[in-house]
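Survey of secondary and tertiary structure
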Amino acid sequence: MTTYIFRRIIQTVLLLIVLSYVCFNLMTLMPGDPIELMISSNPKITTEDVARLREFYGLDQPTYVRYKNWISTLLEGDLGYSRTYRIPVAEMIGPALKYTFILSMCSLILSLAIAIPLGIYCALRPNSKFDYIVNLLSFAGISAPSFWLGIVLIIVFSVKLGWLPAGGYQTTGLVYDNIFSEILDKAKYLILPVVSLSIQSIGRFSRFARSAMMEAMRNDYIRTARAKGLSENIVIWNHGFRNALIPLITIVTLSLSSVFSGALITETLFAYPGAGRLIYTSIISNDFNVAMVSFIISISMVLVMSLIADLLYGVADPRISYE
Amino acid sequence: MSENTPPTSHSTTTSPETSQLKIAEMEKAQSFSQIVFSQFKENKAALFGAFTIIFFVFVALGAPIIEWALGVDANTQNVFNRYKPPFSHIQASQDVREKEIENFIRRHPDAAEKIQTQLIAQNHVQPIRPEDALYEWINLESDKAIEIIEEIDTPFKNELINKVKNFNSYHIFGTDELGRDVLMRLVYGTQVSMGVGVLVALVSAFIGLLVGSMAGYYGGFIDTVLMRTTDALLSLPLLPVLVVIAAIDLQKIPFLNVITQYGNESIIKLVFILCLFSWMVVARLVRGSILSLREREFILAAKTLGATDFTIIVRHMFPNVIAPLLVAVTLGVGESILFEAALSFLGLGIQPPTPSWGNMLFNALELIYEAPFLAIIPGLLILLVVVSFNFLGDGLQDAIDPKSVKR
C-alpha cells in the first residue's frame, strides 16, 4: 500500500514536471510575443529599448533557462503577476478555484441524486417502457454538446421567459443584507450552468448505475436470498445495491477528480468566473503567466484528486489489492 | 443455433414440413458476421443510428449536388439580408445586380445600347443619364423587370431574364450574420464535421492499434513505458489541454509551418491535435485483447511454425481485435465530432470562412436574442449525429458481445 502510494506520487510529480515543461514551450509558440505587445502600445520605442526589455524580462535566454527560473520562483510561492489585470495571479486563481468547486460540486450532487435512483429503477425493470425511454434520454444527454445545451437554456429561460440571468455569478452592485439573501442571489446564477453541466453526467451516471445494479442482481447470492424467502426490499437494498455501490463509487471518485479543473465551456458560456474560464480567457488574451499557473494548478488538482480517488476505491472494496 | 427465427416460433405449433425446414435452417452454421448482423437488426435504436449516419454521409458527399439543386451557395455574402428567418425569399443586393449589368454592358456594348434606347423610348424607366437605363431596370421588382424585358426586342432576352431570376433566392433555414445561406453552410459543415470526426477516429484507432499491440505483445519495458504514457495522458483533463495546444501558432514551429501554405490549415491542425489525445482508449483495449490472445494455442502454433512477430500480430491477432476495435472507432467518431465542435465553438478549432457546426454555433452567439434559430439548428445536428454514432456503437457492442447473444 505505501509503496503503491509512493509510486503514484512519484508518477504524478514526474507527469507534472513534463507537462509544465511542454506547456511552457507551447506558450512560447502562441501568437503574440509579450515584448511585441509592449512595443505596439508605444510607438517611440527604439531597438535598444527592445533589447533591454528582453534582457530585463529574461526573454533573450533559451526556453529551458526561462523554465528553470519560472519554476523556481513558483516553488518559492511567488505565482507572478497578470499582465492584463496587473494583480498577483494568486488573487485570481484562488477565487476561481472556489467558484469552480462550488459549480462542479452542485452539479455532481444533483446528477447523482437524479441518476442513481433512475438507474436502479431501470435495472429492476429491464426492457420496460420506462427503461427504454430513460435509455434513450441518457443517450441524448451524453451526446448533447454541453455548450449547445447551455445556449438552449439561455434562449428559453433568459431570453424568452426572462426567469433567470444569462450569465455571471452575482448581481453586480447589489449589497447583501444578510448571508441568506447572498446565497439566494448567487444560487439564481448557478441554476442554468449547473443544469447544463448535469444533463450530460446524469446520462452517463444513470447508464452506469443501471448496468452496475443489473450486474449485481444477476449474482447467485441474490437467488439464494430470494430462495430463503427474504423480502424483495431487503434483497434489493441489502444484497443488490450494496454490491452495485462498488463500481458506482469508482465513477463518482473519478468525477470528483475534475471538480477543480472546471467546466471550461460551460463557465465560458455563462461568464462564470471559474478556473476553466480563467484558463481560456488568459490564453485568448495572451496573459501567459496566468494561463500557465492556472493550467498547472488545475491539472495538479486533478491528478491529486484522482490519486485520492484511487485510494478511496481501495477502502470501498477490500478485494482490491495494491501490489 | 439460428437468429433468423423469431422467438414466437418456438411456441406456435406448425405443420411437420415447416418445422422440418425450421430445424434445418436452425442447424445451418452461421458465420460471425451473420450472427452480428442479425443481432444488430433487432436493435431499433442502432438501426436508426445507422440510417441517420448514412443520410448524413450522403449529404456530405452530395454537397455540390445540393448546392446546384438549390441554386444558392455557402459563401455568397449579402449584408442587406442578415439574420433572415427560415423560409424567406431574398433579393440580391443592389451592388450585386449592378455588377452583373456592368459585366453585361462590357461584354455586349452594342446590344446594351440598343436595349437602353428601347427602354427609354418605351418609357419604362426615366434615368437622368441615358447610360443608366439598364441599371435602373435591373433594380425594379423582378416580376416587373421580366415583364418589361419581354417587350423589348433583343437577342439577349433570355440571358437577362435568367439574370433577374437568379437575383431571387430562397433560404429554407434563413441567412446568417453575413447573409449567407444557413442550409448550404450546414451542408458544407456536415462535410467538415463528419470528415474531421471520421478521420480522427480512424487515425487514432491506427495509433492505438500500434501502441496497444506493441505493448501487449512485447510486454516488459516497452509495455511499462507505453502504458504509463497512456495512463498519464488519460488522467489529464482533456478540454483545458486541448485548448492550450489548439492556441499555438503553427507559424512559429519550424517543421510544421509548411502546413500553413495549403489553405485549410485549421482543419489539419485540429485533426492532428485531436488524434494526439484520442488514441489511448483504443490502445488499452487492444493491449488487453492481445495480452489474452498471446497465451492462446494458435499463437503458439504460429510461433512454432516460425512466423515472424509481424505476421503473428497482423495476420493472427488483428482479426480477433477487429470487432471491439470497430465499436471503439464508432464511439470515437461521436466523441471527436463533439470535441471538434467544442474547440470550434471556443474559436480555436476550424476557422471561418470554412463552415463547421461548431463555429456556426460560435457565430450565432452574437445575436442570440434576435436569431435564436441560428444557434439551435447546428446544435441539433451535432446532437443527432453524435447520438446516432453512440447508438450504432452501442448496438454493435451488444451484437458482437457473445454474452448478450440471444439464442
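Model, not experiment: these values are computed from the prediction.

A closer look at the overall build of chain B
Tallying secondary structure elements over chain B gives 18 helices and two strands in all. Expressed as a percentage of the 407 residues in chain B, the buried residues total 35%. Sequence separation of at least 24 residues holds for 72% of the intrachain contacts in chain B that already meet a minimum separation of 6.

Details of the overall build of chain A
For chain A, the count of helices and strands is 13 helices and zero strands. Seen in sequence order, chain A has helices and strands lined up from the N terminus as α-α-α-α-α-α-α-α-α-α-α-α-α. Taking 323 residues into account, the globule formula puts the C-alpha radius of gyration at 20 Å, and chain A, at 25 Å, lies well above it. Viewed in the frame of its principal axes, chain A has a C-alpha envelope of about 90 × 55 × 40 Å. For chain A, the proportion of contacts with a sequence separation of at least 24, taken over those separated by at least 6, is 72%.

Quick word on helix 17 (residues 357–364) of chain B
Of all eight residues making up helix 17 of chain B, eight are buried, and the element is well covered by its neighbours. Along helix 17 of chain B, the residues that are buried comprise W357, G358, N359, M360, L361, F362, N363 and A364 of chain B. Close packing links the buried residues of helix 17 of chain B with helix 7 (146–160) of chain A together with helix 10 (182–218), helix 16 (309–345) and helix 18 (372–400) of chain B.

Section: unusual backbone geometry
All names here are of chain A. For N127, which is not a glycine, the phi torsion comes out positive at approximately 65°. Assignment of secondary structure puts N127 in the loop between helix 5 (89–124) and helix 6 (129–143). Its identity as a non-glycine residue notwithstanding, A271 has a phi of 50°, on the positive side. With respect to the element layout, A271 can be found in the loop between helix 11 (264–269) and helix 12 (275–284). The partly exposed category is assigned to A271, around which 15 C-beta atoms lie within 10 Å.

A short note on the confidence of the model for chain B
Confidence in the prediction for chain B averages 79 pLDDT; 80% of positions are at 70 or higher. This model gives residues 1–12 of chain B a pLDDT under 50, and the stretch forms 15 contacts once residues within four places in sequence are excluded.

Some thoughts on the interface of chain B and chain A
Counting residues at the interface gives 33 residues for chain B, matched by 34 residues for chain A. For the side of chain B that touches chain A, the elements supplying multiple residues, two or more each, are helix 12 (238–246), helix 16 and helix 18 of chain B. Considering each element in turn, the side of chain B that touches chain A owes the most residues, 10 residues, to helix 18 of chain B. Of the residues belonging to the side of chain B that touches chain A, the class tally is 27 nonpolar, four polar and two charged.

Description of the nonpolar core
With 150 residues, the main nonpolar core has A209, I265 and I279 of chain A together with V243, A342 and L361 of chain B as its most contacted residues. When sequence neighbours within four positions are dropped, the list of residues in contact with L361 of chain B reads F147 and W148 of chain A together with F345, A375, P378 and G379 of chain B. Membership of the second largest hydrophobic core comes to six residues, among which are I115, A133, W137 and I138 of chain B.

Points about the packing of helix 5 of chain A against helix 10 (residues 232–256) of chain A
Residues and elements named next belong to chain A. Relative orientation of the contacting elements helix 5 and helix 10 amounts to 140°, with a least axis distance of 12 Å. The orientation of helix 5 relative to helix 10 falls into the category oblique. Judged by the sense of rotation from one axis to the other, the crossing of helix 5 with helix 10 is right-handed. Contact residues: helix 5 offers L108, L112, I116, I120 and L124, while helix 10 offers I236, F241, L248, V252 and S255. Looking at side-chain class alone, the contact of helix 5 with helix 10 contains nine nonpolar, one polar and no charged residues.

A few points about the packing of helix 7 of chain A against helix 18 of chain B
Running from amino to carboxyl end, helix 7 of chain A crosses helix 18 of chain B at an angle of 145°, the nearest separation of the two axes being 9 Å. Between helix 7 of chain A and helix 18 of chain B lies a crossing whose hand is left-handed. Contact residues: W148, I151, V152, I155 and V159 of chain A in helix 7 of chain A; P372, A375, I376, G379 and I382 of chain B in helix 18 of chain B. Here the residues of the contact of helix 7 of chain A with helix 18 of chain B sort into nine nonpolar, one polar and no charged.

Some points on the environment of T47 of chain A
All names here are of chain A. With respect to the helices and strands, T47 occurs in helix 3 (residues 47–56). Overall, the presence of 8 C-beta atoms within 10 Å leaves T47 in the exposed class. For the pair T47 and G274, spaced 227 residues apart in sequence, the C-alpha to C-alpha distance is 40 Å.

As for helix 12 of chain A
Residues and elements named next belong to chain A. Of all 10 residues making up helix 12, eight are buried, and the element is well covered by its neighbours. Regarding helix 12, the residues found buried are A275, G276, R277, L278, I279, Y280, S282 and I283. Looking at the residues trailing helix 12, positive phi occurs at N286, about 60°.

Points about the environment of R287 of chain B
All names here are of chain B. Mapped onto the elements, R287 comes out in helix 14 (residues 280–294). With 23 C-beta atoms packed within 10 Å, R287 lands in the buried category. Considered as a pair, R287 and V36 are 251 residues apart in the sequence and their alpha carbons are 23 Å apart. Setting aside residues no more than four positions away along its own chain, R287 makes contact with G212, A215, G216 and M227.

Notes on the environment of L190 of chain A
All names here are of chain A. For L190, the location among the structural elements is in helix 8 (residues 179–217). Given 20 C-beta atoms within a 10 Å radius, L190 is considered buried. In contact with L190, other than residues within four places in its own chain, are L103 and C106.

What counts, and where the lines are drawn
Think of each chain on its own: its residues are numbered from 1, step by step along the sequence as written. Following the order in which they are written, the chains are lettered starting with A and the ligands numbered starting with 1. Residues qualify for local features only when their pLDDT is at least 70, as the model is predicted, and side-chain atom pairs are given and counted only at 80 or more; totals for whole chains, interfaces and linings, by contrast, use all residues. Counting from the N terminus, the helices are the DSSP runs of H or I reaching at least four residues and the strands are the DSSP runs of E reaching at least two. Here the C-beta atoms are placed from the backbone, and a residue counts as buried if at least 20 other C-beta atoms lie within 10 Å of its own, exposed if 12 or fewer do, and partly exposed otherwise. The contact rule is simple: place each C-beta atom from the backbone, and if two of them lie within 7 Å, those residues are in contact. Atoms counted for the radius of gyration: C-alpha only. Globule rule: 2.2 Å times the number of residues to the power 0.38. Scored from 0 to 100, pLDDT records how confident the predictor is in each individual residue. Only Asp, Glu, Lys and Arg are considered charged, only Ala, Val, Leu, Ile, Met, Phe, Trp, Tyr, Cys and Pro nonpolar, and every remaining residue, Gly among them, polar. As used here, a nonpolar core is made of buried Ala, Val, Leu, Ile, Met, Phe, Trp, Tyr and Cys residues. They are joined through C-beta atoms within 7 Å. Convention adopted: a line fitted to C-alpha atoms gives each axis, helices being fitted over their contacting stretch, and angles between N-to-C directions are expressed from 0 to 180 degrees. Orientation categories follow fixed angle ranges, with anything under 35 degrees roughly parallel, anything over 145 roughly antiparallel, 65 to 115 roughly perpendicular, and all other angles oblique. For any pair of crossing helices, the crossing counts as left-handed if the nearer helix is rotated counterclockwise from the farther one by less than a right angle, and right-handed if it is rotated clockwise.

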